[in-house]
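Topology and contacts: notes
Letter by letter, the chains look like this.
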Amino acid sequence: MNEKMMGSEVASCVLSDDERLLIGSEIERFALGSIAPLVERPECVLSQQKLNELSEQAHEIGLLSLEDVSGAGLWEQGAAAPLLTVRLLTSVAKVNAGVALHFHQYALARFLLDALALPIEKAEQTAISLTGYYGLGGSALPRYLLSLGEEAGDIDFLRCWLDGDNSTPFVFTASATWETLLHPSIDSDGDLVFSLYSRQDLVIDEMSDSHGFDELSTFCCQGFDGVKPINVSSLTHQLTKGIYSLALQYNALAYMAIALGAVQHAYKIASDYSAIREQGGVVINRHAAVQLLLGEQRSSIDSVRISLEHLSSSRLSLETLSTVFSIRSISHRKLCDAANAAMQSCGGIGYMQDTGLEKVVRDCNALRVTDGTPMELSLFIAEWERLHG
Amino acid sequence: MGELINTSAIEGHLSGLHNLSPRKLFPLFPGLTRPLVNYKPDPIWLRDTKLLPKALQKHRHNARVFAEKELRPLALKMDAAEHLPAGEINPELMQLLIKAGKQGFLSDMLPRPLGSVPVVSYSNSIAYYQAIKVEEFARVCGGTMLLLNAHNLGIAPILLSGDVSAIRRFVLPAFLESKLGNPHLFAFAITEPSAGSDVEDGVGASLYQPRVIAKKVPGGWVLNGRKCFISGGDIAKSIIVFSALEVDGKREGMESWTPFLVKKTMKGLRVERTELKMGMRASGAAELSFEDVFVPDNHVIGGLRKGWAINRAVLNHSRIPVAAMGVGLAQGAVDAATEFVCKTTLVGKPLIHYQEIQLMIAQMNAETSAIRFMNWKQAEAYAPRQAAASMCKFHATDRAVKVCEMAMDLLGNHGVLHDNNVEKCFRDARLTQIFEGTNQINRLSVIEDMQEEFLQKMSK
């Protein structure tokens, strides 16, 4: 992938299939050649320094766009063509889900800062917290986003959900070295805005030993009420809602793509192991007990991959939000079950950190419960559909 | 328990003082039928405890008190503690073992005065007694629970062998040591690097050539080979090692399997490593190597070539407590999730007031209650049937993991935080689907045990 291909000359065009394939194989080479050697021992956590070096390399090959250059990097092709990004994230996650999430978070920050006309040079150091401190905005969020059937109290509910209630912290995952945090809120007119906060102005705790994504850190933020942002978006309410809706969809697609890649990795380990491990005098992939586990993994991978490809081949808009959430609601359950099945296929060694499977299980769990659990997504979808009659 | 009734109510439900509430109406039933209606708002733990035999009610209470007092403060800390070199134990865990030993939790496989089980409790099956304790310990911490209870898996083959001499020589002195504050742990070593399921399944065993071999020499046996994933094998003073025999240069198969009691101090025994596990981290899973380890004849447990039968009997007994681990971990997740939804507010309203939260909490309680009573019922048997023990094991642990997943879902973004405990419950519970026979092997064990029924139907 050369700079020309990734550079500004292709900024606004949709890539051809051949170009996508070329980029895809380039990223696969990067993942296998540069990331894989650093994470070949899953029990050893990738250091921040190595993560930074990988980010630099990702910039060099155009997987992550530079601050002042638009190209064909992650989320750079826009709402018209998220397919490439989904495939690239899956490719990276096949090697390491944490690195993939890190790249996604950078790209999403860059997309949001750019779209919101906020200083894009902050992208590298910007963490994102897209949702409120608990849940997915209840039934108020779909009403608000659709501007349909709004009820008294919705605005107050969403404002509190996004600002915090001074008792429950916001939890988010990011690279350890972030300096600014991008977060949505509802202003005094009831309009959606995004604010950029300095880390120094927030009450932040870095949490140890979180469930997944060992390469990144988990943070608790005590809330935004009364904290003065360093920058606030000033786009129209409708435009900001559209951008928020897109960000939610990019995030959902990325989580699915990363979980898919991680489970493909787990499936490879499980199928390789079960092709050589013997029980009862035959290799275990000849036993129905293991075949059922392997079959479940393959079915989950195929069904999620096909749904995801189909979904990300269409143009995203506010109208597609519910569909993206629907697919996400089902996909994460399937992928978590598949990750567990991969671990189960390997018996005792599957439980050990050096096999890498338990990390996949943890990462998939973390993706399932973050920014919308299956239950929260279902409630959102139900209200959305009710409003559409 | 009247203090639990107050005028407020969970949203969507009538207060206990409302004129239509059963809490208010049931006590007004005539004396004749009042015993048929239950209106006391006792916590579910108390209600369940009252369903146990009297002796086990007290045991359950004692186990909970010990778990809350001694295991709770260590649970998250030990889970996150640095992985120590093989054979070393965290000083705080050693203190826990000392306390557990002094309070009789390391000698509770035999009645007093030989062990520490009240004679009245011993009228229930030992699996039942263990299941009650294990459930309470696992509810608080899977890792320290396993640290304390893998030991009983090592004791079980000696007891089930019926070898009174071995019990007298090995078990009773160890129990005494533990009671005096010098913990003497046992471990159970069956798994080999090339055989996990083969040592837990009849057909697999019939085809497997064991790699740990005991060669006959004058006065005893010389053991060579490796065992892996041995819970507590890193710190056990006595290890029951199942080995095939080699006599007069002829190497025998699994039918020759024999349990040998190997002392930690015996020359040639080495703890090669302890695994970096996903969960249950306070307990080591050790790889042990045996290099020309001489074991005297009188360390053979239960007789030569009795190992396979003893192993299967042990598993039938131990799978009930493993199911109890699942129940306890599920309960731990339910408790942590309940705490979260009662303490956490969404826009000023505690989460428990939201109907979707109530539905999940109800489902998690139902799942946990179902596996608890399945296990308790089967634990009543003094001689657990293979099918019953395996059904309890795989079903309870599978459902337990699902309950832990639900708890993580309930907490959402907060579910990933170590401090909230539900993700630890998940990681700990995940092991129970794998050890003591994977849940796939346990399903097949059910069929093996039921085969006469099926054969009979086929013959008609």
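Calculation notes
Residues numbered from 1 in each chain as written. Chains lettered and ligands numbered in written order. Predicted model: local features only at pLDDT ≥ 70, side-chain atom pairs only at ≥ 80, totals over all residues. Helix = DSSP H or I, 4+ residues; strand = E, 2+ residues; numbered from the N terminus. Rg over C-alpha atoms; globule rule 2.2 N^0.38 Å. Buried ≥ 20, exposed ≤ 12 C-beta atoms within 10 Å, placed from the backbone. Contact = placed C-beta atoms within 7 Å. Pairing = 2+ DSSP bridges. Axes fitted to C-alpha atoms, helices over the stretch in contact; angles between N-to-C directions. Domains from an automatic or database assignment. Nonpolar A, V, L, I, M, F, W, Y, C, P; charged D, E, K, R; others polar. Core = buried A, V, L, I, M, F, W, Y, C linked by C-beta atoms within 7 Å. Parallel < 35°, antiparallel > 145°, perpendicular 65-115°, else oblique. Left-handed = near helix turned anticlockwise from the far one by under 90°.

**Thoughts on the overall build of chain A**
- Scanning chain A for helices and strands turns up 12 helices and nine strands.
- A compact globule built from 389 residues would reach a C-alpha radius of gyration of about 21 Å, and chain A, at 21 Å, matches this within 12%.
- Overall, chain A is about 70 × 45 × 40 Å in size when its C-alpha atoms are taken along their principal axes.
- Every one of the 389 residues in chain A was classed for burial, and the buried ones make up 56%.
- In chain A, the share of contacts with a sequence separation of at least 24, taken over all contacts with a separation of at least 6, comes to 74%.

**Focus: the sheet that holds strand β6 (residues 217–221) of chain A**
Residue and element names in this part refer to chain A.
- The three strands lie next to each other as β2-β6-β5, forming an open sheet whose pairing is antiparallel. The outermost strands of the open sheet, each flanked by one partner alone, are β2 (170–174) and β5 (204–207). The average undirected angle you get between the axes of adjacent strands in this sheet is 30 degrees.
- Pairing geometry for β2 and β6, over five bridges, is antiparallel. Opposite Val-171, over in β6, you have Cys-220 as the bridge partner.

**Description of the domain arrangement of chain A**
Residue and element names in this part refer to chain A.
- Annotation of chain A at the domain level lists domain 1 (3–125), domain 2 (140–238) and domain 3 (239–388).
- Measuring from the centre of the C-alpha atoms in domain 1 to the corresponding centre in domain 3 gives 21 Å.
- Contact with domain 1, which involves 24 residues of that partner, is made by 26 residues of domain 3.
- Within the residue set of the side of domain 1 that touches domain 3, elements represented by two or more residues are α4 (83–93) and α5 (97–115).
- In terms of residue count, the dominant contributor to the side of domain 1 that touches domain 3 is α5 (eight residues).

**Comments concerning the interface of chain A and chain B**
- Counting residues at the interface gives 38 residues for chain A, matched by 39 residues for chain B.
- Residue assignment for the side of chain A that touches chain B shows that the elements contributing at least two residues are α7 (154–163), α11 (357–369) and α12 (374–388) of chain A.
- Residues belonging to the side of chain A that touches chain B are distributed by class as follows: 14 nonpolar, 18 polar and six charged.

**Considerations on the sheet that holds strand β7 (residues 231–232) of chain A**
Residue and element names in this part refer to chain A.
- The strand order β1-β3-β4-β7 describes an open sheet built from four strands, whose pairing is mixed. The sheet terminates laterally at β1 (126–128) and β7, the two strands that pair on one side only.
- Across the sheet, α5 touches β1, β3 (180–186) and β4 (192–198), and the angle it forms with β1 is around 95 degrees.
- The strands touched by helix α8 (residues 237–274) are β3 and β4; relative to β4, the strand with the most contacts, the crossing angle is about 70 degrees.

**Some points on the nonpolar core**
- One finds A:Leu112, A:Ile258, B:Ala337, B:Cys404 and B:Ala407 to be the most contacted residues of the largest nonpolar core, which totals 266 residues.
- Examining the composition of this core, we find that 22 residues originate from one element, α8(A), more than from any other.

**Some details on the packing of helix α3 (residues 48–60) of chain A against α5(A)**
Residues and elements named next belong to chain A.
- Axis separation between α3 and α5 bottoms out at 11 Å; the angle between their running directions is 60 degrees. The pairing of α3 with α5 is recorded here as oblique in orientation. Viewed along their axes, α3 and α5 form a crossing whose handedness is right-handed. For the pair formed by α3 and α5, the contact residues are Leu-51, Leu-54, Ser-55 and Ala-58 on the first element and Val-99, His-102, Phe-103 and Tyr-106 on the second.
- Each residue belonging to the contact of α3 with α5 can be placed in one class, and the counts come to six nonpolar, two polar and no charged.

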